[in-house]
Structure formats: structure tokens, C-alpha cells
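Structural features, examined
This is what each chain is made of:
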Amino acid sequence: MAGAGLVVMLLTAISMLSCSEAHEHTADAIRPEDSTAMMTSYGVNTLISDSGVIKYRIVTERWEVNTVRQPPRWEFMKGIFFEQFDEQFHVQAYIQADSAWYFDQQRLWKLRGRVSIRNVDGLIYKSEELYWDGTTHEFYSNVFSRLITPERTMEGTYFRSDEAMTRYTVSNSKGSFIADDMEGSQQSSSQPETTDTAAVQPTVRPASQKHAASR
């Protein structure tokens, strides 16, 4: 009986010891790319300055700021609309896209999905993707783009322009001109074309090279 009592005491002590041990439950660490936004704003209509001068108005349904992901970024997944101003606060252009990202360290905008720009000179730009470099003050795209001016229409797979959309380059392009400028002739070229809207000098192809009517 004494032996049995000793066994019972040992089992009880072991049971109490096991119950007193803490069990730590851990999970996988959250990766930076899975992190949530540090700030989310809804129904935004705000002015943005550059070097102390108000340059843009941003209108968006949802604006997220994420400083954990690398590189840090602003995210506009519900669409974005810009107004671009000159130094006298006159509207110079309208820019919109279905979604956008802004990388603050690089001062780089990435616009995606039904990207369009319209400036005060009547120029219209459309694409599915466009980058806007705030350091060089340039737009550029590596996907199909369409550029429409009062004088002509150009389409190409590479586009680069200044912020004012007055000097631009289109490569692998197809272009059409109004009848008054081209006397009914049309242009098609695989060579890069650089255009200064202050002085357009189109190259006329032989009349025997016929292409589709301008859109």
C-alpha cells in the first residue's frame, strides 16, 4: 500500500508540473508584401504642391499610404483624377486612370487601366499603362499608346513626352494627317518620331502606299 501511495503522489506531481508549463503558440511572421496600409482616406479631393508651388489637384475614392512595403508607396485602387496647374493656377491638363501607385522615394507615378490625358491644346493621349517621372518631369510608356491632336493621330508601342505634352516621341508608330496638311496622303513608319507641336514637319510617303483611313 505504501508503494501504491508513492506512485500516486509521483503521478500527481508530474501532472501538476506539466500543467504549470506555459505553451507558446506562434504563427508565421507577416511579410512586408502582406502588410496593410498605414493610412486609408476616402472621398479625397486635395491639392498637391511641388517645390512650394501648387501643381496638382487629386480626386480619388480611396487613397492608401503604405510605408511598410518596399519601396513605400501611395495606392489608388479605386481610380484617380488629376488637374494639372501652371504657376498662375490655370488648368493645363486633365489626367485620369483606373488605378495608380506613387513611389515617394523615386518620385514616380505608375498609372494603369484606361489611362487618358487631355491638355489645353486639344491633345488627347490614351493607353493602358503610363509612367510619370517627377524627377525628369516626363511621361513614358512601353505599351500601345494613341496620341490624338487637332492635326493628326499617332499610335505606337513606345511613348515619351514632357509634362506639358508639347514635345513627344512615338516609336513603331502609325500616323494619319488631316487632308489640308497632307493633301490626302497618309504616313506609316517604324522609325521613332519626335514631334515639337510648335513646328510639325511630317514626312510624306509616296501616294502609292495606301493605308487605312484615319480614325
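Residues numbered from 1 in each chain as written. Predicted model: local features only at pLDDT ≥ 70, side-chain atom pairs only at ≥ 80, totals over all residues. Heavy atoms only, no water.

Focus on the overall build of the chain
When you go through the chain residue by residue, the secondary structure sums to 2 helices and 16 strands. Across the 215 residues that make up the chain, the buried fraction comes to 36%. Considering only residue pairs separated by 6 or more positions, the chain has 36% of its internal contacts joining residues 24 or more positions apart. When the accessible surface of the chain is totalled, it reaches about 13,600 Å², and 53% of it is carbon and sulfur. (Helix = DSSP H or I, 4+ residues; strand = E, 2+ residues; numbered from the N terminus. Buried < 20%, exposed > 50% of the residue type's maximum accessible area, 1.4 Å probe, protein only. Contact = heavy atoms within 4.5 Å. Areas by Shrake-Rupley, 256 points an atom, 1.4 Å probe, with all protein chains shown as cover.)

Things to note about the pattern of salt bridges
Scanning the model with the defined rule gives 7 salt bridges in all. Salt-bridge contacts for Arg-69 lead to Glu-75; the nearest nitrogen and oxygen are separated by 3.4 Å. Judged by its relative accessible area of 24%, Arg-69 falls in the partly exposed class. Taking the shortest distance from any N to any O, the salt bridge between Arg-114 and Asp-98 comes out at 2.9 Å. Linking Arg-114 in strand S7 (residues 108-119) with Asp-98 in the loop between strand S5 (91-97) and strand S6 (99-103), this pair joins segments that are 16 residues apart in sequence. Among the residues examined, Arg-114 registers a relative accessible area of 61% and is labelled exposed. (Salt bridge = Lys/Arg side-chain N within 4 Å of Asp/Glu carboxyl O.)

Quick notes on the nonpolar core
Counting 27 residues, the largest nonpolar core has Phe-82, Trp-109, Leu-111 and Phe-159 as its most contacted members. Of all the secondary-structure elements, those providing two or more residues to this core are strand S2 (53-66), strand S4 (80-85), S5, S6, S7, strand S8 (124-133) and strand S13 (167-171). With sequence-adjacent residues up to four places away left out, Phe-82 is seen in contact with Tyr-56, Arg-57, Ile-58, Ala-93, Tyr-94, Ile-95, Trp-109, Leu-111 and Trp-132. (Core = buried A, V, L, I, M, F, W, Y, C linked by side-chain atoms within 4.5 Å.)

Let's talk about the confidence of the model for the chain
The share of residues in the chain with pLDDT of 70 or more is 63%, and the mean pLDDT across the chain is 75. Confidence over residues 181-191 falls short of pLDDT 50; this stretch has 29 contacts with residues more than four positions distant or in other chains. Note that residues 196-215 has pLDDT below 50 and, in this model, 27 contacts with residues that lie over four places away or in other chains. (pLDDT = per-residue confidence, 0-100.)

Details of the packing of aromatic side chains
Here the distance between the centres and the angle between the planes together describe a pair of aromatic rings. Under the definition given, this model contains 15 aromatic pairs. Look at Trp-63 and Trp-74: their rings are 5.0 Å apart centre to centre, the planes differ by 55 degrees, and that puts the pair in the tilted class. Residue Trp-63 is found in strand S2, and its partner Trp-74 is found in strand S3 (residues 73-76); the two are separated by 11 residues along the sequence. Among the aromatic residues, those joined into a cluster by ring pairs are Tyr-56, Trp-63, Trp-74, Phe-76, Phe-82, Tyr-102, Trp-109, Trp-132 and Phe-139. Above the face of the Trp-101 ring, Lys-110 is positioned so that its terminal group lies 5.7 Å from the ring centre. (Phe/Tyr/Trp six-rings, centres within 6.5 Å; stacked < 30°, edge-to-face > 60°. Lys NZ or Arg CZ within 6 Å of the ring centre and 35° of its normal.)

Regarding the pairing of strand S1 (residues 39-50)
It is a general feature of regular strands that their side chains alternate between the two faces of the sheet. Sheet topology note: the S1/S2 ladder contains 11 bridges and is antiparallel. Note on S2: the bridge partner recorded for Ile-48 is Tyr-56. In sequence, S1 turns back onto S2 through a hairpin of 2 residues, with Ser-51 there showing a positive phi of about 60 degrees. (Pairing = 2+ DSSP bridges.)

A word on the layout of surface pockets
What the largest pocket holds in volume is close to 260 Å³. Sorting the residues of the lining of the largest pocket by element identifies S2, S4 and S5 as the ones contributing at least two each. Taken together, the residues that form the lining of the largest pocket break down as 6 nonpolar, 5 polar and 5 charged. (1 Å grid on protein atoms, 1.4 Å probe; cavity = no way out; pocket = protein on both sides within 12 Å on 5 of 7 lines; lining within 4 Å. Points joined across faces, edges and corners; volume = space filled by probe spheres on them. Nonpolar A, V, L, I, M, F, W, Y, C, P; charged D, E, K, R; others polar.)

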